[in-house]
Amino acid sequence: MLKVRGPTTIPKLTRTGCDSELVIPNQYKESDINADFLIFVKIADEEDNYLAWAGSCLYSSYDRRPIMGILQINSRYVEIEPAEVNQSIMVIAHEFTHALGFSDDMFKRYPIGAAKTVESVIINGETRTRIIMPGVVALAKKHFNCPTYSGVLLENEGGSGSAGSHWEKNSLGNEYMVAVASGRMIFSGFTLNFLNDIGWYQVDLSQSERMYWGAGRGCEWGQTCNSRFSEYCSTEQEPGCTSDFLEKTLCTKNSFTDSCLINNYQFSFDCQNTINFNYWVSGKKYETPGKLSRCFLYSLGRNNLAGCFPATCESGQVIFLINGTSYTCKLDGEKIIAGSITVTCPVLQTFCSTFEMRGNNDCSGNGIERNDKTCRCGYFYKGNDCSIRQSCTNGESSQFCDKIRPFEASEVGTTEPPTPTPTPTPSTPSPTPSTPSPSPSTPSPSPSTPSPSPSTPSPDPSTPSDPETPTNDDTLAPRDKTTETNFSTSQPNTTKNGTTTGSFNFTDFFFSLSVSINQMLITASFIWLFVA
């Protein structure tokens, strides 16, 4: 997915911006490292309410690219159930992307230059920041169907680690680099183009995943709350469906939606989630999550609900199945009585167009489809269509395998308006880790202090000169273990718990953290993460 431009060797480590956080093994101090990027992974067990954080520790003096980073995972909040493992992988991928350079304090380092990366604009009387990189803007014009779209907004809410270092939640919804995640997190072309435009990386843009949030909405998209778009809503806690019909939603707002009510994705409302799918109690006997299941609006008595039913399209009509009986939608908005419920038919053309885009056997309900119609399989599945269940033959311990429970869907909501049961949070969570360690931004002087100047690169890209230590730290993401994950920045407590390291070769890097062991030596450490 991603290759590094420039040097592929890291000089032996003398000092780094993360020395206060790490005890670096001698093997990395004694000789140069044949790798594009070195990541140190720490496993901590802390009460502070975060899942993971990451940051850059060392930069190349050749092109100022991050060449070393740290990623700390709080094992206390890492779940080993299949659904939670996939979510945790996505959170870690989010953090890792920050270490690669997706951070506002890195813009000035980019080869493309800060002036071609970001600009300030006035929107609705407020100064906003937006990305103006050519690849990002070109994609935005196509995705939003606006030939004059000139920049994609960054987040304006949250602390200093959230605002400016993530995509605007209202603009890009469930993209994996927004500041608060919920439901399916998508490796969209926006972040892949961003990384490609920086100048440090060559990205295979065909690996981007299909994103429906905001698609085709036009030039006014993202400027303000607008309930005429299905991504927005007007009645808090009212159920709905995502625009790709793959998930149920709830009408909510959070600290990153500019007070707008949005049809928010929910982790356990994915229609293809057969692991911990959440039913409404009153509608449980009607729903069937899994492959080919799609979201429909329906009513039961006075309750307006949303449910997941197996469905298909034939000759422009939508056919769905409830309790073994098939029903056919022939008209947009048609009301169909199915037992005790009344199902509202979707806009047929819209439904069928999104349905027909799903190739590869709908990824067997176990993966997410890329734009080239290949599948990114969940952690426990493999194969072109994600139909093959992984066995415990990849080095996982029996403890890990034994704790993977079979599908047992849970029930949520009983009355109107329906309300999902959130994942419990620690009894007294700290909103951010409480006692930050000393910043690695001011390492102690050393005779081997690397040259900070980007203007004197090594003449031979294959043998770069000494790297430079960072002038800032990018530590990220306390965990908000509710129905969403908050990615706002905070520096964690210093710990000396187990540290593992690995050399990442980006020649064929795949963000799901599942490439072969000879290409990404840290794989085994990430497997260990989920049993620690």
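An account of the accompanying structure is given in this report. Residue numbering note: each chain is counted from 1, following its sequence as written. Reporting in this predicted model follows two pLDDT cut-offs: at least 70 for local features of residues, and 80 or more for side-chain atom pairs to be given and counted; totals over whole chains, interfaces and linings ignore these cut-offs and use all residues. To obtain the side-chain values, all non-hydrogen atoms of the structure were included, while hydrogens and water were left out.

### Looking at unusual backbone geometry
Although it is not a glycine, Asn124 adopts a positive phi angle of roughly 50°. The numbering of helices and of strands both runs from the N terminus, where a helix is a DSSP run of H or I of at least 4 residues and a strand a run of E of at least 2. Looking at the element boundaries, Asn124 is found in the loop between β5 (118–123) and β6 (126–131). A positive phi angle, near 50°, is found at Asn323, a position not held by glycine. Looking at the secondary structure, you find Asn323 in the loop between β16 (317–322) and β17 (325–329).

### With respect to empty space enclosed by the protein
A 1.4 Å probe that fits into a set of points on a 1 Å grid over the protein atoms alone but cannot get out defines a cavity; an open set with protein on both sides within 12 Å along at least five of seven lines defines a pocket, and lining residues are those with an atom within 4 Å of a point. Grid points are joined across faces, edges and corners, and a volume is the space filled by probe spheres set on the points. Within this structure, the stated rule accounts for three cavities of 30 Å³ or more. Taken as a whole, the largest cavity encloses approximately 110 Å³ of empty space. Lining the largest cavity are 13 residues; nearest its centre among them are Ile186, Arg210, Tyr212, Asp244 and Leu246. Split by residue class, the lining of the largest cavity holds seven nonpolar, one polar and five charged. When residues are sorted by character, Ala, Val, Leu, Ile, Met, Phe, Trp, Tyr, Cys and Pro go into the nonpolar class, Asp, Glu, Lys and Arg into the charged class, and all the rest, Gly among them, into the polar class.

### Regarding the nonpolar core
Residues grouped as a nonpolar core are buried Ala, Val, Leu, Ile, Met, Phe, Trp, Tyr and Cys residues, joined through side-chain atoms within 4.5 Å. When a residue's accessible area, from a 1.4 Å probe over protein chains only, is under 20% of the maximum for its type it is buried; when over 50% it is exposed; and in between it is partly exposed. In this structure, Ile131, Trp167, Phe190 and Phe194 are the most contacted members of the largest nonpolar core, which totals 63 residues. The element that contributes the greatest number of residues to this core is helix α2 (residues 82–100), accounting for seven residues. Formed by 26 residues, the second largest nonpolar core is a distinct cluster that contains Leu305, Ile336, Val343 and Phe351.

### What about the packing of helix α3 (residues 134–144) against helix α5 (residues 189–198)?
Where α3 contacts α5, the two axes come as close as 7 Å, and the packing angle between them is 160°. As the angle between them shows, α3 and α5 are arranged roughly antiparallel. Crossing hand, α3 versus α5: right-handed. On α5, the residues touching Pro134, Gly135, Val136, Leu139, Ala140, His143 and Phe144 of α3 are Gly189, Phe190, Asn193, Phe194 and Asp197. The class makeup of the residues in the contact of α3 with α5 is seven nonpolar, four polar and one charged. A fitted line through C-alpha atoms represents every axis, and for helices the fit uses only the stretch in contact; the resulting angles, taken between N-to-C directions, go from 0 to 180 degrees. Orientation labels follow simple angle bins: below 35 degrees gives roughly parallel, above 145 gives roughly antiparallel, 65 to 115 gives roughly perpendicular, and whatever is left gives oblique. Should the near helix be turned anticlockwise from the far one by less than a right angle, the crossing is termed left-handed; should it be turned clockwise, right-handed. Pairs of residues are marked as contacts when any of their non-hydrogen atoms sit within 4.5 Å.

### Quick look at the sheet that holds strand β11 (residues 247–252)
Strand order in the open sheet formed by three strands is β10-β11-β12, with antiparallel pairing between adjacent strands. Only two strands of the sheet have a single partner each, and these edge strands are β10 (239–241) and β12 (262–270). When the angles between neighbouring strand axes are averaged without regard to direction, this sheet yields 45°. Strand pairing follows a simple DSSP-based rule, namely that at least 2 bridges must link the two strands. Relative to β11, β10 runs antiparallel, the two sharing three bridges. Each residue of the ladder has a partner; that of Gly240, found in β11, is Thr249.

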